[in-house]
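Observations on the three-dimensional arrangement
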Protein chains: 4
Amino acid sequence: MIRVAIIGASGYTGAESIRILFRHSQAELTYLTALPEECGPVEEVFPEFRGRCGLAIEPLDLDKLSRLADVALCCLPHKVSMGFVPKLLDAGVKVIDFSADYRIKDVGVYEKYYQKHTDIGNLAKAVYGLPELFREQIKGTNLIANPGCFPTGAVLAMAPLLKEGLIETDSVIVSSVTGASGAGKNPSSKFHFPNMNENLFPYGIGVHRHMPEMEQIAGEVAGTGVQILFQPHVGPFDRGILSSVYCRPAKGLTNEQLQPLYNEFYKAEPFVRVCKTAPAVKDVAGTNYCHVFPALVKGQLALFSAIDNLVKGASGQAIQNMNILFGVDEIMGLK
Amino acid sequence: MIRVAIIGASGYTGAESIRILFRHSQAELTYLTALPEECGPVEEVFPEFRGRCGLAIEPLDLDKLSRLADVALCCLPHKVSMGFVPKLLDAGVKVIDFSADYRIKDVGVYEKYYQKHTDIGNLAKAVYGLPELFREQIKGTNLIANPGCFPTGAVLAMAPLLKEGLIETDSVIVSSVTGASGAGKNPSSKFHFPNMNENLFPYGIGVHRHMPEMEQIAGEVAGTGVQILFQPHVGPFDRGILSSVYCRPAKGLTNEQLQPLYNEFYKAEPFVRVCKTAPAVKDVAGTNYCHVFPALVKGQLALFSAIDNLVKGASGQAIQNMNILFGVDEIMGLK
Amino acid sequence: MIRVAIIGASGYTGAESIRILFRHSQAELTYLTALPEECGPVEEVFPEFRGRCGLAIEPLDLDKLSRLADVALCCLPHKVSMGFVPKLLDAGVKVIDFSADYRIKDVGVYEKYYQKHTDIGNLAKAVYGLPELFREQIKGTNLIANPGCFPTGAVLAMAPLLKEGLIETDSVIVSSVTGASGAGKNPSSKFHFPNMNENLFPYGIGVHRHMPEMEQIAGEVAGTGVQILFQPHVGPFDRGILSSVYCRPAKGLTNEQLQPLYNEFYKAEPFVRVCKTAPAVKDVAGTNYCHVFPALVKGQLALFSAIDNLVKGASGQAIQNMNILFGVDEIMGLK
Amino acid sequence: MIRVAIIGASGYTGAESIRILFRHSQAELTYLTALPEECGPVEEVFPEFRGRCGLAIEPLDLDKLSRLADVALCCLPHKVSMGFVPKLLDAGVKVIDFSADYRIKDVGVYEKYYQKHTDIGNLAKAVYGLPELFREQIKGTNLIANPGCFPTGAVLAMAPLLKEGLIETDSVIVSSVTGASGAGKNPSSKFHFPNMNENLFPYGIGVHRHMPEMEQIAGEVAGTGVQILFQPHVGPFDRGILSSVYCRPAKGLTNEQLQPLYNEFYKAEPFVRVCKTAPAVKDVAGTNYCHVFPALVKGQLALFSAIDNLVKGASGQAIQNMNILFGVDEIMGLK
């Protein structure tokens, strides 16, 4: 049994991780922590789990963590996270970090989009936890940077073409729409029901922090720099991200090559489905699947993907990483 | 031209009143006030009105009010409202008050559900602004208590039967579902989109403040005490209230009598439509209509009504009252 | 391993049953049938199951059923169902029937609300599959009438009081709101998105077929006739039913007695949670739970329950019944 | 008074046109037609208009049209429309056609995306009814091709830059999300509430008929060919289109130039607002406004617009065109 702690368990990704672990036959929740004001019995913090979990959410105690857990899912926000991760590692647990703090390898880029980085040593060692691309590296690490929700969908939509050098990398557009759970649990005017309902709007124009993360990973796959304009939007639904990627193909690429290329690239992947028609967010809601569909239209590529932002875009992918890390069946708890 | 001020213009009912007054050919907005932190040009507070209103929302100045307005729509919350209304009246304007402060005639009942009443003198003079029942009294007053949204729908659903003594008044159930705009503009966990979306729940069980208001008005219509159990619910839509009223008929009432009775009672009403099938909130969204439908089922009455909570349930009804008060066509601005 | 067939697998309850069975460690899907025009590989009929189920949905072949299955979940509509159930039983499988055909014991009542009954022999033998009330009978039958979604929620909300004779049974109101999945998979004007979205309305006024079913089961629990006025509404969400039951208490009942009474009644139930505050449909969405909350308000009872109409209201309850029938852990596949 | 007929009045754009005309002080509805099976009193076809319109919807009679109307809003689908328009013109009325039949000047392009064109004579004379670009031509015509909803939003988002030659026209991406009312009134599986709710997906990949229309109009503004990849998506809301246009600027363009350029271009326009932040569909819902916002991000242009697809994208724009055509105030009925 893998003994799992969740650090920062009181938010949406904490709840989703708990839900998935209930179904996992080789892992058990042993320790849940949060800020003091968000602590309490699980069934009070999350009424939907009443009668299913006897644990309480407590303030973090590193000794306790050390005794009780093999791995910590660290669901803290960026900046806060890098304050805790070194301590979690020192406590002898493996860490899967949900924040952006260990995703961006170039400290200068990180500091431009976020703030000063205070744990550069661990940053260098962290592995980017996108199993479809970095499964082997994940197996041997103590610290996984769990990918951002938008980069997960966007990179999986274009990876087969990037890998083969079939995309012109100087000008890629990623236009995504996320459900409102992406904004987290704290109430705000923008996400007040009477504002968000029947609404849809772009945000983070030109400044969204997932842009450099996408460029880094896309660049690693392509083996060359990739220039991405990433534009997120938010729409009136709970879960899911639909990413539409527009770019120019390398010369000679035909529409007929796309399906075989994608099928080959993803043939062994348990959570990527290459679709024959447009994907829809409802088809993947509540699942760890990423549906992808590539098309060549009037000489341009239009590549689509759909994921559940809280599952493949966060907690499901973290459990998938955990499964790889501990050598259990990768799909455990996720199908 | 009726010169209209709105006191507390920065919330949903303020915005809805502004929207209606744009279409009113015999009234003009002259003065808008709010708390200092919510002031600013209308087109900044309400981007949807950009280019349509040159006014700014300002802190209240009673002299200015006195010079600029004939009537004040007072959109303040209860308790706050009764602190201002005497001053507004002293400034020489007529007042249409959206709060509960002048609706409940029995001070003891008011104080049980709300708090100490500090303006009992004006309370006694105020007229309850439900035009279908109190049109004549409205014409001659300086202070109108604009009805609550739930009482408006519930009372209109049963008034024809109450009037004729055809309902057993010892046990009336009013079970209503409102859209989320009823909760106002301030963000909260309950109305955070990821919580309210795909959700529906009862609230205010046994304690909702619209219960005594309903009982008072129903009692006035019936000419006898009416015992009402009122249960509100909230659902995942912006606007509208569907009220389902369940009660026992007086002996001998038949289903065939219902439509003629309702048609007769409402025949001259511009905003009540007696339907031949079940009403739906979408049919009245954005309008000042109340759709009613009575049925006798297995010996019990099931009476339904649908209104838009922000229009017939608040701002539309206020403008209807204003039209009556100033002797202009009652439907002005509302059709 | 329990070998499970689904007859009429192409609709919402079929899909939900498949989804639950994927997680069931002691049951396996072996045979899926539907009308010829709805047949095909599971992953084409339900793209969300791609890669998870190698079966095809085929036209029913009774020999095949006989060889391949121990139990049939019969997801056919009423009238169609009673044409097939005798043949399924003859094929030697146990049957859990989702339709209304075997729920109403009084043939006269059935024929008033539905149509002529053509399988009266099996009707007499069928057990009503509400485990919280009829667990023992379920264990020994070959034919379970899986309860209607509305009766499930309504009866569970009042059963503890009915059992103790604490409700006046001459006049019970059940006012429910269901999500739109309750209408099934066939497109119609009423459920066309631009009509159903931002809408809520009552339907089936006075004629809904779940009314006599509720009365029958409530009557069995109470040991006396129960008169119910049942009024369903539909709202703009996918899943869930919130039932609000209004009735008069027997003399002397106090609010303080309610929680202990409900806790005691449901103390051993794995899927009923007695709540301390109002239930919400989102808390039970996707689960087999029924949340109940009783209150005594101004001398009247207001009893609330929330279920997921497709799970506890259909497929989840069917699997719960199947688990009881085959003697495996009742919660298998459902938590 | 302008006497207005609506041909094909029974759908969403017919209803929206009726709603707007109720508020128009210099136009009156005089004649409404539809297919025989969709005829009947207005208040039966559209219960929301009960008591507001005494007309009936009737089968088309050209003599009657000729006697009763000055202008016909032709709300028929493409192909059907070009069968009727010549007759409407012959009846002596001006025609504002909502279909695509008179929008695309190049018959070859029209026939590639639609079908054989049967009224090439009138096609040549028709004026494309986007007032912001073609106001002068609109004044002098008898036949207006009312623009498609997507082209309206997309072209207004980029027109100021196209006009000045500040966009590289070889590769423009238009990625739009529309509300579900865009699909029309006929029920279908895709728009069945339980499918469309909580969903979002792309459609018409590579083949959407608004693509050549956009290219034609963008090309006219730019004075040169414009290559557009147009990708529509549909989301779970009633009304609105958010268009995100991605393209490369001409050399030297700076972010600082954008707002002045857009403000200057649209300074006299009553229905275009240049925003300082991202537009949202809810801000324009129910209005004839188009909100636009241009940004230069990492050397690429991201241009946004929001409209209500049924108002500025259909019926509102038609009335705006009608006002221009008859020389009345352009905003009549629309503010």
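The residue numbering used here restarts from 1 in each chain and proceeds along that chain's sequence as written. Note on labels: chains are lettered from A, ligands numbered from 1, in written order. pLDDT decides what is reported in this predicted model: residues at 70 or higher carry local features, side-chain atom pairs at 80 or more are listed and counted, and totals for whole chains, interfaces and linings draw on all residues regardless. Each side-chain value is derived from all of the structure's non-hydrogen atoms; neither hydrogens nor water enter the calculation.

An unreviewed UniProt entry annotates chain A as N-acetyl-gamma-glutamyl-phosphate reductase originating from Anaerobaca lacustris. UniProt positions are given in the numbering used here, feature names are shortened, and annotations may be inferred rather than shown by experiment. The UniProt entry for chain A carries the following text under Function (unreviewed entry): "Catalyzes the NADPH-dependent reduction of N-acetyl-5-glutamyl phosphate to yield N-acetyl-L-glutamate 5-semialdehyde." Under the heading Sequence similarities (unreviewed entry), UniProt records this for chain A: "Belongs to the NAGSA dehydrogenase family. Type 1 subfamily."

Some words on the confidence of the model for chain A
In predicted models, pLDDT denotes the confidence assigned by the predictor to each residue on a 0 to 100 scale. Of the residues in chain A, 100% have a pLDDT of 70 or more, and the chain-wide mean is 95. Both confidence scores are given for the complex: pTM 0.96, ipTM 0.96.

Regarding the interface of chain C and chain A
With 17 residues of chain C in contact, the opposing surface of chain A contributes 17 residues. The largest contributions to the chain C side of the interface with chain A come from Arg50, Arg52 and Arg273 of chain C, which together make up 35% of the buried area. We count a salt bridge whenever a side-chain nitrogen from Lys or Arg sits within 4 Å of a carboxyl oxygen from Asp or Glu. Taken together, chain C and chain A are joined by two salt bridges. Across the pair lysine 282 of chain C and aspartate 238 of chain A runs a salt bridge, and its minimum N-O distance is 2.6 Å. Here, two residues are considered to be in contact whenever any of their heavy atoms come within 4.5 Å of each other. Accessible area that two parts lose when put together, with a 1.4 Å probe and added across both, is what the buried area reports.

Some points on the nonpolar core
In a soluble, globular protein the nonpolar side chains are often hidden away together inside. Residue and element names in this part refer to chain C. Counting residues in each nonpolar core, the largest one holds 68 residues, and the members touching the most others are Leu65, Met158 and Leu303. Each helix is a run of H or I in the DSSP string that is no shorter than four residues. Each strand is a run of E no shorter than two, and both are numbered from the N terminus. In terms of residues, this core owes the most to one element, helix H8 (residues 149–163), which gives 10 residues. Counting only domains with at least three residues in this core, you end up with domain 1 (2–125) and domain 2 (150–309). Apart from the residues within four sequence positions on either side, methionine 158 is in contact with Ile167, Val172, Val174, Ala218, Ile228, Val245, Tyr262 and Leu303. What is meant by a nonpolar core is a set of buried Ala, Val, Leu, Ile, Met, Phe, Trp, Tyr and Cys residues, joined one to another through side-chain atoms within 4.5 Å. Only protein chains enter the accessibility calculation, which uses a 1.4 Å probe. A residue is then buried if its area is under 20% of the maximum for its type, exposed if over 50%, and partly exposed in between. Where a domain begins and ends is set by an automatic assignment or by a domain database.

So, the UniProt feature "domain: Semialdehyde dehydrogenase NAD-binding" (unreviewed entry) in chain A
Within the UniProt annotation, "domain: Semialdehyde dehydrogenase NAD-binding" (unreviewed entry) is assigned to residues 3–141 of chain A. Structurally, residues 3–141 of chain A is divided into 40% helix and 19% strand, and its ends, taken at the C-alpha atoms, are 17 Å apart.

Re the domain arrangement of chain A
All names here are of chain A. According to the domain assignment, chain A contains domain 1 (2–125) and domain 2 (150–309). Taken together, the contacts link 14 residues of domain 1 with 12 residues of domain 2. Summing both partners gives a buried area of about 1100 Å² for domain 1 against domain 2, and 49% of it is carried by carbon and sulfur. Looking at the side of domain 1 facing domain 2, the largest losses of area belong to Tyr12, Arg103 and Tyr113, adding up to 51% of the total buried there. Arginine 239 is the partner of glutamate 16 in a salt bridge, and the nearest nitrogen-oxygen pair spans 2.4 Å. Polar contact is defined as a pair of N or O atoms within 3.5 Å, subject to the rule that within protein one atom must be able to donate a hydrogen and the other to accept it, and that residues adjacent in sequence are counted only when both atoms are side-chain atoms. Joining domain 1 to domain 2, the criterion identifies seven residue pairs in polar contact (both at pLDDT 80 or more). A total of three residues in the side of domain 1 that touches domain 2 trace back to one element, the largest contributor, which is helix H1 (residues 12–22).

Looking at the sheet that holds strand S6 (residues 94–97) of chain D
Residues and elements named next belong to chain D. A pair of strands is treated as paired once DSSP finds two or more bridges between them. Spatial strand order, S3-S4-S2-S1-S5-S6-S8-S7: eight strands in an open sheet with mixed pairing. The outermost strands of the open sheet, each flanked by one partner alone, are strand S3 (40–41) and strand S7 (127–128). Pairing geometry for S7 and strand S8 (residues 143–145), over two bridges, is parallel. Within the sheet, the bridge partner assigned to valine 127 lies in S8 and is isoleucine 144. Fitted lines through C-alpha atoms give the axes, limited to the stretch in contact for helices. The angle between two N-to-C directions lies from 0 to 180 degrees. Set on the sheet, helix H1 (residues 12–22) makes contact with strand S1 (2–7), strand S2 (27–33) and strand S5 (71–74); between it and S1 the angle comes to about 165 degrees. In the packing of helix H4 (residues 80–90) onto the sheet, the strands contacted are S1, S5, S6 and S8, and the crossing angle to S6 comes to about 160 degrees.

Considering the environment of leucine 162 of chain C
Residues and elements named next belong to chain C. Looking at where leucine 162 falls in the secondary structure, it is placed in helix H8. Put simply, leucine 162 and glutamate 215 are 53 residues apart on the chain and 12 Å apart in space, counted from C-alpha to C-alpha. Here leucine 162 is in contact with Ile167, Thr169, Ala218, Val221, Ala222 and Val226, once residues within four sequence places are set aside.

Digging into the interface of chain D and chain A
Reports of interface size often rely on the accessible area that becomes lost once the parts have come together. Every contact between the two is made by 40 residues of chain D and, on the other side, 40 residues of chain A. Of the roughly 3400 Å² buried where chain D meets chain A, counting both sides, 65% is carbon and sulfur surface. There are two salt bridges connecting chain D and chain A. The closest approach of N and O atoms between glutamate 215 of chain A and lysine 298 of chain D, which form a salt bridge, is 2.4 Å. Linking chain D with chain A are 22 residue pairs in polar contact (both at pLDDT 80 or more).

Quick word on the relation of the copies chain D and chain A
Residues reaching a pLDDT of at least 70 in both copies supply the C-alpha atoms on which the copies are superposed by least squares. When chain D is fitted to chain A, the best match, at an RMSD of 0.0 Å, comes from turning it 180 degrees and sliding it 0.0 Å along the axis. Taken together, the rotation angle and the small translation identify this as a two-fold axis. Closest approach to the rotation axis among the C-alpha atoms of chain D is made by proline 236 of chain D, whose C-alpha sits 3.3 Å away. Mapped onto chain A, 100% of the interface residues of chain D are again interface residues, and the two copies thus contact each other with one and the same surface.

Considering the sheet that holds strand S9 (residues 172–178) of chain A
Residues and elements named next belong to chain A. With mixed pairing, seven strands are arranged side by side in an open sheet as S10-S11-S9-S12-S15-S14-S13. With partners counted over all chains shown, the strands left at the sheet margins are strand S10 (201–202) and strand S13 (272–274), one partner each. Contacts from helix H8 (residues 149–163) reach S9, strand S11 (228–234), strand S12 (241–247), S13, strand S14 (290–297) and strand S15 (300–307), with the element oriented near 135 degrees to S15. Relative to the sheet, helix H10 (residues 210–222) contacts S9 and S11, its axis offset from that of S11 by approximately 135 degrees.

Some remarks on the pattern of salt bridges
Counting across every chain of the model gives 60 salt bridges over all chains. We note a salt bridge from aspartate 70 of chain C to arginine 3 of chain C, for which the minimum N-O separation is 3.0 Å. Residue aspartate 70 of chain C is located in the loop between helix H3 (62–68) and strand S5 (71–74), and its partner arginine 3 of chain C is located in strand S1 (residues 2–7); the two are separated by 67 residues in the primary sequence. Among the ionic contacts, a cluster of salt bridges with common partners joins Glu16, Arg19, Glu48, Arg239 and Asp308 of chain A.

Focus on the relation of the copies chain C and chain A
Under the fitted operation, chain C is carried onto chain A by 0.0 Å of movement along the axis and a turn of 180 degrees, and the coordinates agree to an RMSD of 0.0 Å. Take the interface residues of chain C: 100% of them recur as interface residues in chain A, which is what a same-surface contact looks like.

A closer look at the side chain of serine 99 of chain B
Residues and elements named next belong to chain B. By the secondary structure assignment, serine 99 is in the loop between strand S6 (94–97) and helix H5 (107–113). Among the polar contacts made by the side chain of serine 99, one reaches the side chain of aspartate 97 at a distance of 2.7 Å. A polar side-chain atom of serine 99 sits 2.9 Å from the main-chain amide nitrogen of aspartate 101. Apart from the residues within four sequence positions on either side, serine 99 is in contact with Cys74, Leu76, Pro77, His78, Ser81 and Asn146.

Things to note about the pairing of strand S9 (residues 172–178) of chain C
Residues and elements named next belong to chain C. In terms of burial, S9 is largely enclosed, as seven of its seven residues are buried. Judged by which residues are buried, S9 turns out to be covered on both faces: Val172, Val174, Ser176 and Thr178 on one side and Ile173, Ser175 and Val177 on the other are all buried. In the sheet, S9 pairs with strand S11 (residues 228–234) via seven bridges, with the strands oriented parallel. Looking at the pairing, threonine 178 lines up with valine 234 of S11. Across six bridges, the pairing between S9 and strand S12 (residues 241–247) is antiparallel. Looking at the pairing, valine 174 lines up with valine 245 of S12.

Observations regarding the UniProt feature "active site" (unreviewed entry) in chain A
All names here are of chain A. Mapped onto this structure's residue numbering, the UniProt feature "active site" (unreviewed entry) falls at Cys149. Within the element layout of this structure, cysteine 149 appears in helix H8. Excluding residues that lie within four positions of it along the chain, cysteine 149 makes contacts with His210, Ile241, Ile307, Asn309 and Gly313.

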